[in-house]
Amino acid sequence: MNRSCVSDTELPSSLGASTRTRVLVAMSGGVDSSVAAALLVRQGYDVVGVTMKLFHDGGDVPDRPCCSLDSVNDARRVAESLGIPHYVLNLQDAFGHDVLQDFVAEYAAGRTPIPCVRCNTFTKFRDLLHKADAIDAAYIATGHYARVADGRLLRGRDDNKDQTYFLWGIERAVLERMILPVGEMTKAETRAVARELGLLTAEKAESQEICFVPDGDYVKVLERELPADAPALAPGPIVTSDGTVVGTHDGFARFTVGQRRRLPGGSSEPMFVVALRPADRAVVIGPREELLGRGLVARGVNWLVAEAPAAGSAVQVRIRHRSRLVPGTVLRVDGTEIEVALDEAVNAITPGQSVVFYDGDVVLGGGVIEMSRRGLPVMAA
Amino acid sequence: MPSPAPIYLDHAATTPVRQEVLDAMTPFYGPRFGNPSSTHRWGREARAALDEARERAAQCFGAAPDEVCFTSGGTEGDNLAVLGGWRVLRAKGRKALVSSPIEHKAVLQSVHQAAKEGAEERLVKVDATGTVSLDDARAKIDADTALVSVMWINNETGVIQPIEELAALTKAAGAIFHTDAVQAFGKIDIDARKVPFDFVSVSGHKIGAPKGIGAFYIRRGTPLEPLFFGGSQDRGRRPGTENVAAAVGLARAMELAVEEREAHWAELSAMRDRLEAALVARIPDAVVHGRGAKRAPHVLNISVPGTDSESMLMALDLAGVACSSGSACQSGSITPSHVLSAMGVRADVANAAIRMSLGSLTTEDCIDRVAELFPALIAKARGLAGAA
C-alpha cells in the first residue's frame, strides 16, 4: 500500500502554507458577514471563517438569525463556495456569563439592556480575538455597518444601517485589528455583491431581533432564567409620578420606558411608562412630557479615541439605535461615569440602553444609561 | 514556498477506502448490479457475492455465516443491540440495562431511549484511567439485567475495556452481552469462540471500507427484535435490499484487518509511543488521558493545561494537521467530552483535549513533524493565554 502522510486524492486548497495576511471572519450565516468574507477573499487575504455558537437553541427556534443549525449550515455553505476553511466555535459558556446573565440581571434591576453591545464588546471583539490570536490571524472581520480608519471607529456609509451604536464598548486597541468590509457599502450594495457572487445568503431576510430571544418575546427568557418568585416578574403598583396608585401590573420587567401598551386607560391624555422602580416594584407612568429628558447620567463609559472628551466638551449624542444625533455638553466625567446635558429634549432616555458620543462620523465612545435628567419639560413637537 | 504535505491524524474518525476494497466492490457498481433477492441470473450472481461476503465476514469473528448481519454502520449496530435486545427481554421481566458512561453516543442514546420505554438505566463507574470498574459491574449486573453494553476500545482515549470479564459476568447473570467494537476491530482478536459476547457492532469506514456499511454479530439463539420492518432479507433481522457492493468491500476490509492485525499493532504502537514520548518530553505538564491503562495503539489523547481544543484544532488544521477533540455536535461545535468528564478529568483540562489517531496514512515522518509542530503551536497558544 502506498504510504504517505497524505491521501492521494486532491487536498483542500486552504491547506497550503501562505504568506498572505490571515483574517478571521465571524460568519453568522447572514448576508452581511457572507459578503464581508467574500470581499476579503477577493482582496487576497487568507480568510478563515468561523461561526460562533452562543447559546443552546434547543432546536425549537428554527429561524433564529444566528446560532441555529440552519444559520451554521448557511455560513458553512458560503465558506465552501468561497473555498475558505470554516469552523464552528462553541462560546456558549462565555456568552451565557457575559451577555445572557447580564441581560437578565439588567431587566431584574428595572433597566432595558442591549445584549448586542456586550456581545460585541466581550464575545466578538475579545473572546473571538483570542481565537484569532491562536491561529495567527492579524485581523478579525465582521459584517457590521461601521468603518475603521486610522485606528478610529467611524459610522457606516449607509446611515440607515449604521451599527456603531452597538460597537462603543470594544477595547480601543482592538480597532487596529478590525476590518469591517461592508461598512463602506449600503445594504443594497451588499445584496448586489451577494447576488453577483451567487452567495446563497443574498436574499436572506434581515435580522433585527435579539438572537437568543424567541419571537421577540424577551419575557419568555426572563421567565426561564429568573426564579419563579423574582420581584421583577411579580405584581406591583402602577403609579403616577405624584405617587397616585392607578392600577397594578404583573411584573415591572414586562415594561420598558416609553411603553404605552398594557397601561390602564381613563386618563385625559395618553400615558406612557416613564420609569421603573424596583425598590417598590412600581411602574411609573406619566404623560408624554414626563418622558422627555434634557440630560443623562451613564456608567461603564468606554472611549474609542485617544483624547476623551472632558467636562465642557461639546459632543453629539445618540441614545437609541438609529436615532438622530443630538448636540450636547459633557457636564462631568468621574472615572467611567459621565453626565451630559442635551441641547434639546429627547424622548424616552431609557436606563440600560446605550448612550453613544460622536464627533461627526467619528465614534468617541459610549456608556450605559443610568438615569435620565428631566430638566425643564419641553412640549413635544 | 511549497507547502509541506498535510498530515492526517484522525483515523479513529474515518479512514480512506483501501484500494483492495475498492477493487473488490467495483464489479457490483457495474455488470454485477443485481438484487440478491431476485431469482434470475443477475440476482443469483449478487446473491453469491453476498453469501460469500457474509461467510468471510463471519470467519473474521470466528462465527458461522448466519451469525452475521450487515448494517449501515456502527450506530445502527449499537441501536439494534441495545434496543433490539432489551425490547425482547423486558417481556421476560428483565428491566435493567447496564452500560458505561464512556460509551459512544449511539449506545448511550439508545440506552436513554430504552429508559423512556421503561428500562432501568445503570451506568457502571469508570476509574481515572478510563477503565470500567469490574467491582461496580458486579454490583450492577444481576438477575434483573436484560443487556449489558460496554465498548471494547474507547474511541476518545483508546483504553481497552475488560470485555472478557464483563461478558463472563453477564452470561453468569443470564443477560445479553453487547460490545461496540468499532474501534477494536483490527486491533483486538475478536473471536466468538473465545469470548462469550452475544452482539458485536463493527463499522466499515474505520477499517478501510466505505461509510454506510457495518457488520453485526449475533450469537446463535440470542433473541433480537428488529429495528426495521419490511422484507425477509437477513432473516428479517435487517430488512431492505442488501448493499451488496459495500458488503463485499467490508468483508475484504475485515479480512485484511485480521491478517494485518498483529503487524499493524506493533507498527502503530511504536509510532504512538514515539509521538507520546516526544510530546511529553517537550511539554512536561501535558496530560495523556488513559495513561496507565491498557490502551489501543492508535490513539493518543493529550491535554495541555492553559490551552483549549477549539483553538488548537483550528491552528493544527491551518498548519496542515488533522486531529479531533471530544465529540462534535451536529453543528460542528465542540462540546465537553462526556468520556473525560466521566473519568473525573477537570473541566479545563478536558476542554484542552486533542485526540490524535494513527492508522494507514501515518508514517514516522508524520510523527516527527507533529512532534515538532505541536509543541510550537502549544507554546504559542500558551504565550497568548499568559499574555491575556
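Residues numbered from 1 in each chain as written. Chains lettered and ligands numbered in written order. Predicted model: local features only at pLDDT ≥ 70, side-chain atom pairs only at ≥ 80, totals over all residues.

Draft legend 1. Quick peek at the sheet that holds strand 1 (residues 22-26) of chain A. Residues and elements named next belong to chain A. One open sheet accounts for 5 strands, arranged 3-2-1-4-7; its pairing is parallel. In the strand order of this sheet, the two ends are held by strand 3 (86-90) and strand 7 (178-179), each with one partner. Of the strand pairs in this sheet, strand 4 (residues 139-141) and strand 7 are connected by 2 bridges, and their pairing is parallel. Residue pairing across strands places I140 opposite M178, the latter belonging to strand 7. Set on the sheet, helix 1 (residues 31-42) makes contact with strand 1, strand 2 (46-53), strand 4 and strand 7; between it and strand 1 the angle comes to about 165°. (Pairing = 2+ DSSP bridges. Helix = DSSP H or I, 4+ residues; strand = E, 2+ residues; numbered from the N terminus. Contact = placed C-beta atoms within 7 Å. Axes fitted to C-alpha atoms, helices over the stretch in contact; angles between N-to-C directions.)

Draft legend 2. Just the sheet that holds strand 4 (residues 120-123) of chain B, in detail. All names here are of chain B. Strand order in the open sheet made by the 7 strands is 2-8-7-6-5-3-4, with mixed pairing throughout. Strands with a single pairing partner mark the edges of an open sheet, and in this sheet they are strand 2 (68-71) and strand 4. Here the average twist between neighbouring strands, direction ignored, is 20°. Bridging between strand 5 (residues 145-149) and strand 6 (residues 176-180) involves 3 bridges; their strand directions are parallel. Residue pairing across strands places S149 opposite H178, the latter belonging to strand 6. Helix 6 (residues 163-172) rests against strand 5 and strand 6 of the sheet, and its axis sits at about 155° to strand 6.

Draft legend 3. Focus on the packing of helix 3 (residues 92-108) of chain A against helix 4 (residues 115-134) of chain A. Residue and element names in this part refer to chain A. It is at 9 Å that the axes of helix 3 and helix 4 come closest, and there the two elements cross at 165°. In this view, helix 3 runs roughly antiparallel relative to helix 4, as classed from their interaxial angle. In this structure, helix 3 meets helix 4 at a crossing whose hand is right-handed. Across from A94, F95, D98, V99, D102 and F103 in helix 3, the residues of helix 4 making contact are P115, R118, C119, F122, T123 and D127. Across the contact of helix 3 with helix 4, the residue classes tally to 7 nonpolar, 1 polar and 4 charged. (Parallel < 35°, antiparallel > 145°, perpendicular 65-115°, else oblique. Left-handed = near helix turned anticlockwise from the far one by under 90°. Nonpolar A, V, L, I, M, F, W, Y, C, P; charged D, E, K, R; others polar.)

Draft legend 4. Structural context of the environment of B:R193. One can find B:R193 in the loop between strand 6 and strand 7 (199-203). Residues B:R193 and B:P210 lie 17 residues apart in sequence; the distance between their C-alpha atoms is 28 Å.

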